[in-house]
Amino acid sequence: MKERLEELKQEALQRVREAEDVKQLQEVRVAYLGKKGPITEVLRGMGKLSAEERPVIGQLANDVRGEIATAIDTKQEQLEKVALEAKLAEESIDVTLPGRPVQQGGPHLLTKLIEEIEDLFIGMGFEIAEGPEVEQDYYNFEALNLPKGHPARDMQDSFYITEDLLMRTHTSPVQARTMKNHEGRGPVKIICPGKVYRRDTDDATHSHQFTQIEGLYVDKNVRMSDLKGVLDTFAKKIFGQNREIRLRPSFFPFTEPSVEMDISCKICLGSGCSVCKQTGWIEILGAGMVHPNVLKMAGFDPKVYTGFAFGMGPERIAMLKYGVDDIRHFYTNDNRFLKQFHNA
Ligand code: PHE
C-alpha cells in the first residue's frame, strides 16, 4: 500500500507540473483528492491491515493528500499570476503617447450674427417674438394685405402643404400674429428672427431655405423718421460708423410708403467701384410704414396708431460683412469655412 500511495503521489505531482491552466489543475484536484479518487480507494482497503500498520498508512495517506494539495495550491497561484501579468501587459496604456486633439466647435456664423442683431435691437427697446414655420395662408399673406389671387404673391414662390398651409415665405406673419395678440393696444415693438422657405433653385445667391429678421414698431406717432433713425443705428453698428444709408422708394403690399435701404459701399465708401457696380450703394433690406389695411386687420385703429416694419436677410448681411461669395456656404457645413468665423 505504501508503494501504491507513493506511486499515486508521483503521478499527481507529475500532472500538477504539466498543468497548463487553472482548468487542467482543477481536473487534477478532482481526480486525486476527490471522494472517488484513488487515495480514497486505498484508504477503503485499510480494513485488511493489522492494527499497527493502520495508523502508519493512515498517516501516510494524509501526508500524500497534503502534499498533493499544497502542490496544486502553489501551482494555482503561479498560473493565476502568469494570467494576470498577461492581461495587464495586453491592456497596458502608454501614458506618454501624445493625445489626439479634440475639435472644438463654435456657434454658426449666422447664429452669431443673428444674436448680435438681436442684442442691438434689444438695446433699442425691441423684444424678440417667434412664430411657426408652417404657417396659415391667412397670416403669411392675407393679413399682410395680400388677398388670394394678388399678383404680388408671385414675388414669393411658396411651398404649399395644403391649400391653407404653407412653409412661411417670410417672417412678416409673426408681426400679424403679434399685433393680433395685442388686441388693438400699442406699443408693439418686436423683432422676429427665424427660418423662411421659398421655391427657388439654389445657386450662389438663392436658397430654398434661409433666415430673416423682421422688425415692427407700432405705437401712437411712429413716423418714417423713426424708421430711418433705427435703420441708421443698425447699419452703423453692424457695418461700421463710416457707412451711410439711403432709402429708395419701393413696393411691398404690407407697407405704404415702402422703401429699400442701401448702405454705402465698404470698398469705395460711395464713390463707385466694381463691388457696388459703380453705384456707390449696396441694397440691404426692405422696409416701410405699416399699411393701414394691415393695422385694421390686426385690430388696430389706423387713425390712432402708425407703425414701421422692416425685413432683412442675415445671409445677405453676413455675405457683405465678411465677403462670402456664395450663400450655399452657410448650409453645406464645410468645417473649413465655418471655422474661420469662430472668433469673428
Ligand atoms: N417681408 C418682406 C420680404 O420678405 C420684407 C419686408 C418686411 C419688407 C417688412 C417691408 C417690411 O421680402
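Residues numbered from 1 in each chain as written. Predicted model: local features only at pLDDT ≥ 70, side-chain atom pairs only at ≥ 80, totals over all residues. Heavy atoms only, no water.

**Points about the pattern of salt bridges**
Phase 1: Taken as a whole and judged by the stated rule, the model has 19 salt bridges.
Phase 2: Across the salt bridge formed by Glu6 and Lys9, the nearest N and O atoms sit 4.0 Å from each other. You can see Glu6 and its partner Lys9 sitting in helix α1 (residues 2–18), three residues apart, about one turn around the helix.
Phase 3: What makes Lys9 buried here is its relative accessible area of 12%.
Phase 4: Ionic pairing is found between Arg177 and Glu135, a salt bridge with its closest N-O pair at 2.7 Å. (Salt bridge = Lys/Arg side-chain N within 4 Å of Asp/Glu carboxyl O. Helix = DSSP H or I, 4+ residues; strand = E, 2+ residues; numbered from the N terminus. Buried < 20%, exposed > 50% of the residue type's maximum accessible area, 1.4 Å probe, protein only.)

**Quick notes on the environment of Glu7**
Phase 1: Following the sequence through the fold, Glu7 ends up in helix α1.
Phase 2: You can call Glu7 partly exposed: its relative accessible area is 44%.
Phase 3: Counting along the chain gives 221 residues from Glu7 to Lys228, while the straight-line C-alpha distance between them is 112 Å.

**Some thoughts on a negative patch on the surface**
Phase 1: Judged by side-chain charge, Glu18, Glu20, Asp21 and Glu27 come together as a negatively charged surface patch.
Phase 2: Within the element layout of this structure, Glu27 appears in helix α2 (residues 22–33).
Phase 3: For Glu27, a relative accessible area of 42% corresponds to the partly exposed category. (Patch = residues over 30% accessible without salt bridge, like charges linked within 9 Å, V, L, I, M, F, W, Y side chains within 5 Å. Areas by Shrake-Rupley, 256 points an atom, 1.4 Å probe, with all protein chains shown as cover. Lys, Arg positive; Asp, Glu negative; His and termini not counted. Charge placed at Lys NZ, Arg CZ, Asp CG, Glu CD.)

**Digging into the sheet that holds strand β6 (residues 245–252)**
Phase 1: Spatially, β1-β4-β5-β9-β8-β7-β6 is the arrangement adopted by the seven strands of the open sheet, whose pairing is mixed. The outermost strands of the open sheet, each flanked by one partner alone, are β1 (127–128) and β6.
Phase 2: As defined by bridge partners, strand β7 (residues 255–264) adjoins strand β8 (residues 281–290) across eight bridges and the pair is classed as antiparallel. Considered in β8, the bridge of Ser264 is made with Trp281. (Pairing = 2+ DSSP bridges.)

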